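Architecture and fold: a report
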Amino acid sequence: MKSWSCIENCGACCRFDLAERDNLSEALSSNDIALINSMTSKDGWCKYLDKSNRKCMIYESRPHFCRVNEFSRSFKSYLKNGDKFLIDCCKQHISSIYGKKSNQMKLFKTAISKK
Ligand code: SF4
Ligand code: SF4
């Protein structure tokens, strides 16, 4: 079975559109939503993402909802389906930002099949 893995220089999940991510509502508090709104630039990207290399500039102190290993446990679908839920989420983000046939998608598929 494939295991979830994050790839470097991706950041596809660092673009927020809460209207498109309705499953987040079960796991986010109103304070979290206020924090997300304060972190989001007008173009929808998190202002802490370094766009030159797609790395988080506050990685060590990033909010709890950016810590996938911990945050995933807040989702019923993760508790039921495990890493498949995370893999599907990443594929969705990568596909919508970079495309289904993008280099990031290839790298992601390689990363999850190596584990
Ligand atoms: S979309 Fe997935 S692989 Fe890409 S940065 Fe986010 S968690 Fe990592
Ligand atoms: S804080 Fe870092 S990990 Fe979280 S959305 Fe922003 S850039 Fe991405």
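Residues numbered from 1 in each chain as written. Chains lettered and ligands numbered in written order. Predicted model: local features only at pLDDT ≥ 70, side-chain atom pairs only at ≥ 80, totals over all residues. Heavy atoms only, no water.

**Re the site of ligand 1**
Around ligand 1 lies a shell formed by Trp4, Cys6, Ile7, Cys10, Gly11, Ala12, Cys13, Cys90 and Phe108. When atoms are counted within 2 Å of each cavity's grid points, the one that captures over half of ligand 1 is the largest pocket. A per-class count over the shell around ligand 1 returns eight nonpolar, one polar and no charged. (Near = heavy atom within 4 Å. 1 Å grid on protein atoms, 1.4 Å probe; cavity = no way out; pocket = protein on both sides within 12 Å on 5 of 7 lines; lining within 4 Å. Sits in = over half its atoms within 2 Å of the grid points. Nonpolar A, V, L, I, M, F, W, Y, C, P; charged D, E, K, R; others polar.)

**Some details on the confidence of the model for the protein chain**
On average, residues of the protein chain score 92 in pLDDT, and 98% of them reach the 70 mark or higher. Of all secondary-structure elements in the protein chain, the lowest mean pLDDT belongs to helix α2 (residues 68-71), at 91, while strand β1 (residues 49-50) reaches the highest, 98. (pLDDT = per-residue confidence, 0-100. Helix = DSSP H or I, 4+ residues; strand = E, 2+ residues; numbered from the N terminus.)

**Thoughts on the environment of leucine 86**
Looking at where leucine 86 falls in the secondary structure, it is placed in helix α4 (residues 83-98). For the pair leucine 86 and serine 72, spaced 14 residues apart in the sequence, the C-alpha separation amounts to 7.5 Å. If we skip the residues at most four places from it in the chain, leucine 86 touches Trp4, Val68, Ser72 and Tyr78. (Contact = heavy atoms within 4.5 Å.)

**Describing the packing of aromatic side chains**
Taken as a whole, this structure holds two aromatic pairs when the rule is applied. Arranged with centres 5.1 Å apart and planes meeting at 85 degrees, the rings of phenylalanine 71 and phenylalanine 75 form a pair that is edge-to-face. Phenylalanine 71 gets classed as buried once you look at its relative accessible area, which sits at 7%. Centre to centre, the rings of phenylalanine 75 and phenylalanine 85 are 5.3 Å apart; their planes meet at 40 degrees, and the pair counts as tilted. Of this pair, phenylalanine 75 sits in the loop between α2 and α3 (76-81) while phenylalanine 85 is found in helix α4, placing the two residues ten residues apart along the sequence. Across this residue pair, the class does not change: phenylalanine 75 and phenylalanine 85 are buried. (Phe/Tyr/Trp six-rings, centres within 6.5 Å; stacked < 30°, edge-to-face > 60°. Buried < 20%, exposed > 50% of the residue type's maximum accessible area, 1.4 Å probe, protein only.)

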